[in-house]
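Coordinate analysis (summary)
Here are the chains, one letter per residue:
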Amino acid sequence: MLKHAKIPRRTLEWIAQTIGSRYSVLTVVWMGRSSTEMHAVDIVDESGQIRRLALRRYVDVNRLDSDPWYRPEQEAEALRILAEVNVPAPRLVAEDVEPKWCDVPTLLETRISGRPVRRRLANFDAYLQEAAAVLCQVHAVTPVRIQALPTYAPYEPLPTQPILGWSSRSALWARVLDVLGGPAPHDEGRFIHRDYHPGNILVAKSRIAGIVDWPTACRGPRSIDLARMRLNLVGDYDLASADRFLALYSDRAGSDFVHEPYWDLVDAIDLLRDEEPPRTRRQAATWERFEQWVGRVLAKLR
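All of the points below concern the structure found in this document. The structure presented is a predicted model; accordingly, all values stated were derived computationally and were not measured.

**What about the overall build of the chain?**
The helix and strand tally for the chain stands at 9 helices and 10 strands. The C-alpha atoms of the chain give 21 Å as radius of gyration, which agrees with the globular expectation for 302 residues (19 Å, within 12%). Counting only C-alpha atoms, the chain reaches 65 × 45 × 40 Å along its principal axes. Per-residue burial for the chain yields a buried fraction of 50% across its 302 residues. Residue pairs at least 24 apart in sequence account for 70% of intrachain contacts in the chain once pairs closer than 6 positions are excluded. Accessible area of the chain: about 14900 Å², with a carbon and sulfur share of 49%.

**What about the pattern of salt bridges?**
By the definition in use, this model includes 24 salt bridges. For R56, the salt bridge identified is with E75, shortest N-O distance 2.7 Å. With R56 in strand 3 (residues 50-57) and E75 in helix 3 (residues 72-82), this pair connects stretches of sequence that are 19 residues apart. The pair R56 / E75 is uniform in exposure class, with both members buried.

**Considering the pairing of strand 5 (residues 106-110)**
For strand 5, the buried fraction is high: 4 of the 5 residues fall into the buried class. Bridge count for strand 3 against strand 5 is 5 bridges, and the pairing is antiparallel. Counted as the bridge partner of R57 is T106 from strand 5. As paired elements, strand 4 (residues 92-96) and strand 5 share 4 bridges and run antiparallel to each other. Along strand 5, the bridge assignment pairs L92 with E109.

**Description of the packing of helix 8 (residues 261-271) against helix 9 (residues 281-301)**
Helix packing geometry: the angle between the two helix axes and the distance between the axes. The N-to-C vectors of helix 8 and helix 9 enclose an angle of 145 degrees; their axes lie 9 Å apart at closest approach. Judged by the sense of rotation from one axis to the other, the crossing of helix 8 with helix 9 is left-handed. Residues P261, Y262, D264, L265 and A268 of helix 8 lie in contact with helix 9, whose contacting residues are F290, W293, V294, V297, L298, K300 and L301. Classifying every residue of the contact of helix 8 with helix 9 by side-chain character gives 10 nonpolar, no polar and 2 charged.

**Here we look at the pairing of strand 9 (residues 207-211)**
Two strands pair when backbone bridges link them, and strand 8 (residues 201-204) and strand 9 are joined in this way by 4 bridges, in the antiparallel orientation. Each bridged residue has a counterpart across the sheet, and for A204 the counterpart in strand 9 is R207. Hairpin connection of strand 8 to strand 9: 2 residues between the antiparallel strands, including K205 at a positive phi of 55 degrees.

**Focus: the sheet that holds strand 5**
Reading across from one edge, 1-2-3-5-4 is the order of the 5 strands in this open sheet, with antiparallel pairing throughout. The open sheet has two edge strands with one neighbour each: strand 1 (23-33) and strand 4. Averaged over all adjacent pairs, the angle separating strand axes in this sheet is 20 degrees, with direction ignored. Pairing geometry for strand 1 and strand 2 (residues 37-45), over 9 bridges, is antiparallel. Counted as the bridge partner of V28 is V41 from strand 2. Relative to the sheet, helix 1 (residues 9-19) contacts strand 1, strand 2, strand 3, strand 4 and strand 5, its axis offset from that of strand 5 by approximately 45 degrees.

**Let's talk about the nonpolar core**
One finds Y127, W173, F191, Y196, W214, F245 and V294 to be the most contacted residues of the largest nonpolar core, which totals 66 residues. Counting residues per element, this core draws most heavily on helix 4 (residues 124-139), at 9 residues. Setting aside its immediate chain neighbours within four residues, Y127 contacts V117, L121, P198, I201, V203, I208 and M229. L12, I19, Y23 and L53 belong to the second largest nonpolar core, which has 14 residues in total.

**Here's the deal with the packing of aromatic side chains**
Aromatic ring pairs are described here by two measures, namely the spacing of the ring centres and the angle between the planes. Scanning the entire structure with this criterion turns up 11 aromatic pairs. Seen in terms of ring centroids, Y152 and W263 are 5.9 Å apart; in terms of plane orientation they differ by 90 degrees. Their pairing is edge-to-face. Remark: W263 occurs in helix 8 and Y152 occurs in the loop between helix 4 and helix 5 (170-180); sequence separation between them is 111 residues. Across the pair, exposure class does not vary: Y152 and W263 are buried alike. Judged by centre distance (4.9 Å) and plane angle (50 degrees), the ring pair of W166 and W287 falls under tilted.

How each quantity is defined
Residues numbered from 1 in each chain as written. Predicted model: local features only at pLDDT ≥ 70, side-chain atom pairs only at ≥ 80, totals over all residues. Heavy atoms only, no water. Helix = DSSP H or I, 4+ residues; strand = E, 2+ residues; numbered from the N terminus. Rg over C-alpha atoms; globule rule 2.2 N^0.38 Å. Buried < 20%, exposed > 50% of the residue type's maximum accessible area, 1.4 Å probe, protein only. Contact = heavy atoms within 4.5 Å. Areas by Shrake-Rupley, 256 points an atom, 1.4 Å probe, with all protein chains shown as cover. Salt bridge = Lys/Arg side-chain N within 4 Å of Asp/Glu carboxyl O. Pairing = 2+ DSSP bridges. Axes fitted to C-alpha atoms, helices over the stretch in contact; angles between N-to-C directions. Left-handed = near helix turned anticlockwise from the far one by under 90°. Nonpolar A, V, L, I, M, F, W, Y, C, P; charged D, E, K, R; others polar. Core = buried A, V, L, I, M, F, W, Y, C linked by side-chain atoms within 4.5 Å. Phe/Tyr/Trp six-rings, centres within 6.5 Å; stacked < 30°, edge-to-face > 60°.

Purely geometric numbers; function is a separate question.
This is the structure in structure tokens:
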């Protein structure tokens, strides 16, 4: 029986063909839509054993035409890489990225049970420790495995003109642009998630169950992944959590890791493209923490 099966019949036929005659589709349940549309697909074999999968459909036609970081083939390649290493992540079951069968580029993946952390856990430090350990595992993937992935670049060209005219700290942002106008540090060319943050870290029973959402995986500087995680920790919690995460990661990464604050500023600018003035007290507090964090990053570069 199919529940809420809001996917084309041809896609259902593709799933059936992919899983083979040993399995049959038990349920298809819509999970939501953001950059992609997701369905939970449960399949069952003759013995009644259920296998839980996820169907990921790249439904944004405009982004497929214009966004170099909205590429299903890149996610498929990242998942193939992850299948060979000890990183908790979905495993690729099948792909139709051209597409030849489905109506839009589609991936069939294993489904990870768990939810993102929406509030501070009772043992939040244990969560940060585990998140740092998992990120070290991602970055430990050997370079020879990632040659087919693109090289990191900001989502948009770095600005050269004044930004955030509504901010009361215009001098701060002028300094950011000044730094970014200079030479960038060496890009290590490591395997990076590129969008590593609590929303993409699924937790079950207070432990990290897996890391999802890999279409922006690429070769780039490790500090970009640290920047995105720490920016979100600042926004959701406090500056101390961001500092703690960096310390935990640095301890695990070893002496060959050098944190480059430059990439913190690059990622901060990447997140500000559509930023609007805060409208509520809570938004104002979040923005205040964010500018404090940017100011501290700049202080490390002086």
